[in-house]
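Residue-level structure breakdown
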Amino acid sequence: MALRSPLVVGSSGLTRTAEGVRRCAEAGAGAVVLKSIFEEAIAHEVQAALDAGMDSFVHPEAMDYVKSLSRDNEVGNYLRLIADAKKGADIPVVASVHCVSASAWPDFAKQVQDAGADALELNAFVLPADGTRDSAAIEKVYLDMAAAVREKVRIPVAMKLSCHLTSIPHTAMALDRAGIRSLTLFNRFFVNDIDIEKLALKRGGFLSSPEEYLLPMRWMSLLHGRLSCDLAASTGVHSASSAIKLLLAGATVVQVVSALYRNELSFLSTMNAELAAWMDRQQLATIEAFRGHLSQKASGNPAAFERVQFMKFSVGME
Ligand SMILES: Cc1cc2nc3c(=O)[nH]c(=O)nc-3n(C[C@H](O)[C@H](O)[C@H](O)COP(=O)(O)O)c2cc1C
């Protein structure tokens, strides 16, 4: 896809309506990823999924939510959202499905394509909380999803992964071979916190903080040039400088969400302007001219990218 900006508004409440998408386009987004629809809302098979043991993979509250959805409306509304978003905005619109299996729902991918979506992002997450499946079995769930969806559509299929994988490169390479056209690294999930006065669980923060881009940046730099698919960085992009760093590390595009909640949507145009000013200062005419320049593959010091222990760097910090 040719994008007018490498800044993409990630899947969130900001992209839940056609009006939201129009506003993102107006603010300068290169593309948007729509709010995810739940696999279960598509499949109408919540009970079957429970019977198949999927409940051990899904947070109980998520299952309650899913059971309460009015499913027919969800699907019809989502397809209308795609069509309306396309009509109201002149940028690529990526649909998104939150999925935990390859069963029952992938036919929906064809409907997404027919509704006019430019691509489909699979927001795939299996929380392996019960310890009964090993990492290969969990990776296979992602691969099965990729294969099932790929065979239904010709639009590009992206997969959004969590960082909780035993080997991110192994999974990334397998998905690349399976025909996934872009990997979004990483999703960020709802987390619980604890209230120590009430001795009870409380909601953790929804929004990321600015230093969180360092995690996707490491993996952008390690994966750039090793896959044929694109890489979309997600999590912790709160400024033009973190977006630039992710592009230098090898990201094809950079997704932004929390920064747009913390600021205004117009923050996107500030980020675009700062990116353009930086490129002028560096005399770089295109994003391609610097993308991946600080990836591990392009670097003269590949070992630096695999350093994980503090060792001598922490001397003096005691
Ligand atoms: C309010 C909110 C709703 C979100 N909804 C979705 C969603 O439906 N699907 C999805 O894949 N990610 C969803 N996300 C995750 C974001 O797309 C993104 O991956 C995450 O927030 C990390 O990026 P950030 O640091 O720029 O916020 C949501 C995030 C927020 C804050």
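Residues numbered from 1 in each chain as written. Predicted model: local features only at pLDDT ≥ 70, side-chain atom pairs only at ≥ 80, totals over all residues. Heavy atoms only, no water.

Topic: the site of the ligand
- With respect to spatial proximity, 18 residues lie near the ligand, and among them Ser11, Ser36, Ser208, Gly236 and Ser258 are the closest.
- Residue Lys35 places a side-chain N or O atom 2.9 Å away from a nitrogen atom belonging to the ligand.
- The backbone of Gly236 places a nitrogen or oxygen atom 2.7 Å from an oxygen atom of the ligand.
- In isolation the ligand has 610 Å² of accessible area, and contact with the protein removes 88% of it.
- Looking at the shell around the ligand, its residues break down into 5 nonpolar, 10 polar and 3 charged. (Near = heavy atom within 4 Å. Polar contact = N/O pair within 3.5 Å; in protein donor to acceptor, adjacent residues only side chain to side chain. Areas by Shrake-Rupley, 256 points an atom, 1.4 Å probe, with all protein chains shown as cover. Nonpolar A, V, L, I, M, F, W, Y, C, P; charged D, E, K, R; others polar.)

Quick notes on a nonpolar patch on the surface
- Among the surface-exposed residues, Ile194, Ile196 and Leu201 lie close enough to one another that they form a single nonpolar patch of about 350 Å² accessible area.
- With respect to the helices and strands, the residue Leu201 is situated in strand E9 (residues 200–203).
- Look at Leu201 and you get exposed, because its relative accessible area is 60%. (Patch = residues over 30% accessible without salt bridge, like charges linked within 9 Å, V, L, I, M, F, W, Y side chains within 5 Å. Salt bridge = Lys/Arg side-chain N within 4 Å of Asp/Glu carboxyl O. Helix = DSSP H or I, 4+ residues; strand = E, 2+ residues; numbered from the N terminus. Buried < 20%, exposed > 50% of the residue type's maximum accessible area, 1.4 Å probe, protein only.)

Points about the packing of helix H9 (residues 214–223) against helix H10 (residues 240–249)
- Where H9 contacts H10, the two axes come as close as 8 Å, and the packing angle between them is 25°. Considered as vectors, H9 and H10 are oriented roughly parallel to each other. Of H10, the residues touching H9 (which contributes Pro216, Met217, Met220 and Ser221) are Lys245, Leu246 and Ala249. (Axes fitted to C-alpha atoms, helices over the stretch in contact; angles between N-to-C directions. Parallel < 35°, antiparallel > 145°, perpendicular 65-115°, else oblique. Contact = heavy atoms within 4.5 Å.)

Let's talk about the side chain of Ser221
- By the element assignment, Ser221 lies in helix H9.
- Setting aside its immediate chain neighbours within four residues, Ser221 contacts Ala249, Leu294, Ser295, Gln296, Lys297 and Phe305.

Overview of the nonpolar core
- Judged by nonpolar contacts, the single largest core of 87 residues is most densely connected at Phe108, Tyr142, Met159 and Leu183.
- Ignoring sequence-local partners within four residues, the contact set of Tyr142 consists of Ala124, Phe125, Val126, Met159, Leu161, Leu165 and Leu175.
- Judged by nonpolar contacts, the second largest core, of 7 residues, contains Val8, Ala31, Val33 and Val253. (Core = buried A, V, L, I, M, F, W, Y, C linked by side-chain atoms within 4.5 Å.)

A look at the layout of surface pockets
- By volume, the second largest pocket is sized at about 620 Å³.
- Of the residues forming the lining of the second largest pocket, the biggest block, 4 residues, is contributed by helix H12 (residues 267–281).
- Considered class by class, the residues forming the lining of the second largest pocket number 18 nonpolar, 6 polar and 5 charged. (1 Å grid on protein atoms, 1.4 Å probe; cavity = no way out; pocket = protein on both sides within 12 Å on 5 of 7 lines; lining within 4 Å. Points joined across faces, edges and corners; volume = space filled by probe spheres on them.)

A look at unusual backbone geometry
- Cis rather than trans, the peptide bond between Leu185 and Phe186 has omega equal to 5°.
- With respect to the secondary-structure elements, Phe186 resides in the loop between strand E7 (182–185) and strand E8 (192–195).
- With a phi angle near 55°, Gln283 is a residue other than glycine that sits in the positive phi range.
- The topology assignment puts Gln283 in the segment after H12.

Points about the packing of aromatic side chains
- Using the criterion set out here, one finds 4 aromatic pairs in the structure.
- Ring centres of Phe125 and Phe189 lie 4.1 Å apart, and the angle between their planes is 20°; on these two criteria the pair is classed as stacked. With Phe125 in the loop between strand E5 (119–124) and helix H7 (135–150) and Phe189 in the loop between E7 and E8, the pair connects residues that are 64 residues apart, well separated along the chain.
- Overall, Phe125 belongs to the buried group, its relative accessible area being 11%.
- Note on Phe189: relative accessible area 24%, which makes it partly exposed. (Phe/Tyr/Trp six-rings, centres within 6.5 Å; stacked < 30°, edge-to-face > 60°.)

What about the pairing of strand E6 (residues 157–161)?
- Within E6, 5 of the 5 residues are buried, leaving the element largely enclosed by the surrounding structure.
- With burial as the criterion, each face of E6 is covered, one bearing Val157, Met159 and Leu161 and the other bearing Ala158 and Lys160.
- With 4 bridges connecting them, E5 and E6 associate as parallel partners. By the bridge assignment for E6, Asn123 is matched with Lys160.
- A crossover links E5 with its parallel partner E6, the connecting element being H7, and its sense is right-handed.
- As paired strands, E6 and E7 are joined by 4 bridges and run parallel to one another. From the neighbouring strand, Leu161 faces E7, where its bridge partner is Leu185. (Pairing = 2+ DSSP bridges. Right-handed = clockwise from strand over helix to strand, strands pointing away.)

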